[in-house]
Amino acid sequence: MYGIVNKAIVELIHTRFGEDTWERIRGRAGLEEELFISLDAYPDEYTYALVRATSEELGLPAEQVLETFGEYWVEYVGTQGYGELLRGAGNNVQEVLLNLDNLHTRVGLSFAHLRPPSFHCTVLGPGELRLRYTSTRQGLAPMVVGLLKGLGRMFHTELHVVQTRHKEGAGTADEFLIRLQPASSS
Ligand code: 1DX
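In this text the structure is predicted, and so the values were computed from the model without any measurement.

J.: Even after reading the chapter, I still don't get unusual backbone geometry, so can you show me in this structure?
T.: Trans peptide bonds make up most of the peptide bonds, and negative phi angles are found at most residues other than glycine. Here the phi dihedral of His 156 falls at roughly 50 degrees; this positive angle occurs in a residue that is not glycine. Mapping His 156 onto the fold places it in the loop between helix H6 (141–154) and strand E3 (158–165).

J.: Would you mind showing me how to read the environment of Asp 44 here?
T.: With respect to the helices and strands, the residue Asp 44 is situated in helix H3 (residues 44–58). What makes Asp 44 buried here is its relative accessible area of 14%. Between the C-alpha atoms of Asp 44 and Gly 3, which are 41 residues apart in sequence, the distance is 10.0 Å. Filtering out sequence-adjacent residues up to four positions away, Asp 44 remains in contact with Met 1, Arg 115 and Arg 137.

J.: It is not clear to me how the pattern of salt bridges should be interpreted in this structure. Could you clarify?
T.: It is possible for side chains of opposite charge to pair when their charged atoms get near one another. All chains considered together, the criterion is met by 13 salt bridges. The residue Arg 28 makes a salt bridge to Glu 57 at a minimum N-O spacing of 3.1 Å. In this pair, Arg 28 sits in helix H2 (residues 19–29) while Glu 57 sits in helix H3, placing the two residues 29 residues apart along the sequence. The exposure class of Arg 28 is partly exposed, given its relative accessible area of 45%. Put simply, Arg 115 and Asp 44 hold a salt bridge, and the shortest N to O gap is 3.2 Å. Residue Arg 115 is found in the loop between helix H5 (93–110) and strand E1 (118–125), and its partner Asp 44 is found in helix H3; the two are separated by 71 residues along the sequence. Under the relative-accessibility criterion, Arg 115 is labelled partly exposed at 37%.

J.: Mind showing me how you'd approach H3 here?
T.: Spanning 15 residues, H3 covers 21 Å between terminal C-alpha atoms, matching the ideal 21 Å at 1.5 Å per step. Considered for burial, the residues of H3 that qualify are Asp 44, Thr 47, Ala 49, Leu 50, Val 51, Ala 53, Thr 54 and Ser 55. For H3, the secondary structure elements touched by its buried residues are helix H1 (3–17), H2 and helix H4 (62–87). Directly after H3, the chain includes Gly 59, whose backbone phi takes a positive value near 65 degrees.

Rules used in this analysis
For every chain, the first residue of the written sequence is number 1, and numbering continues from 1 onward in sequence order. A pLDDT threshold of at least 70 governs which residues receive local features in this predicted model, and a stricter bar of 80 or more applies before side-chain atom pairs are shown or counted, although totals over entire chains, interfaces and linings include all residues. The basis for every side-chain value is the complete set of non-hydrogen atoms in the structure, without hydrogens or water. Labels follow the DSSP assignment, with helices taken as runs of H or I lasting at least four residues and strands as runs of E lasting at least two, numbered in each case from the N terminus. The rule is simple: take the accessible area with a 1.4 Å probe, protein chains only, and divide by the maximum for that residue type; under 20% is buried, over 50% is exposed, in between is partly exposed. Whether two residues touch is decided by their heavy atoms; if any such pair falls within 4.5 Å, the residues are in contact. Only one rule defines a salt bridge in this text: a Lys or Arg side-chain nitrogen within 4 Å of an Asp or Glu carboxyl oxygen. Expected span of a helix: the number of residues minus one, times 1.5 Å.

Given below as structure tokens:
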């Protein structure tokens with residue numbers, strides 16, 4: 001994944017737990033890198049190693065680390081010059097979710113190594129959405145829960161999410177049921 005993802009993880013650990021904890025996690029992850037470069041592509045294994053090492057060092061389930069990271073990502077990209085990209089995708093949670101694939105297509109035009117996930121969003125009723133998430137990557141569904149909560153926070157919208165389906169091999173996808181309060185205007 002692009003370095004911006006690893007940078008976000010480092011920044012999250014740094015601000016919440018300090019330099020010493022970060023150094024221990026970096027050592028545990030076996031990463032030589034002192035810092036990541038946002039626009040460089042790194043092996044996914046670096047990201048997984050960071051999540052695993054954070055989970056071990058803090059004694060938290062990897063799922064919780066992924067969820068917290070997902071929530072943080074939304075605010076982090078705003079500090080990295082991508083706030084406009086996100087705001088331009090919509091004026092509320094529902095609009096952004098309906099536009100996420102377009103957003104990734106846009107980013108992918110500039111960054112050829114992007115392997116964007118796909119988010120297929122269906123409006124079930126007022127403030128009620130079903131989201132189908134597919135990805136080339138494994139095990140990141142808990143991060144999607146955090147990403148959704150991050151979007152809720154960004155738009156000051158109370159958001160409830162439950163994963164209603166778990167990917168089991170090819171041809172199936174992770175699914176989430178989302179409830180928004182107040183209902184986003186459509
Ligand atoms: F709900 O892969 C809200 O490297 C959401 O399954 C979900 O393949 C917001 F560095 C710049 C750059 C670059 C900007 F300059 C990415 F290149 C992308 C900024 C999306 C904001 C996807 C990051 C693929 C890297 C992926 C989880 C899980 C998507 C991370 C979150 C808005 C982004 O993000 C999976 C890669 C951006 C950029 C956003 C993502 C790669 C998301 C969201 N993804 C790179």
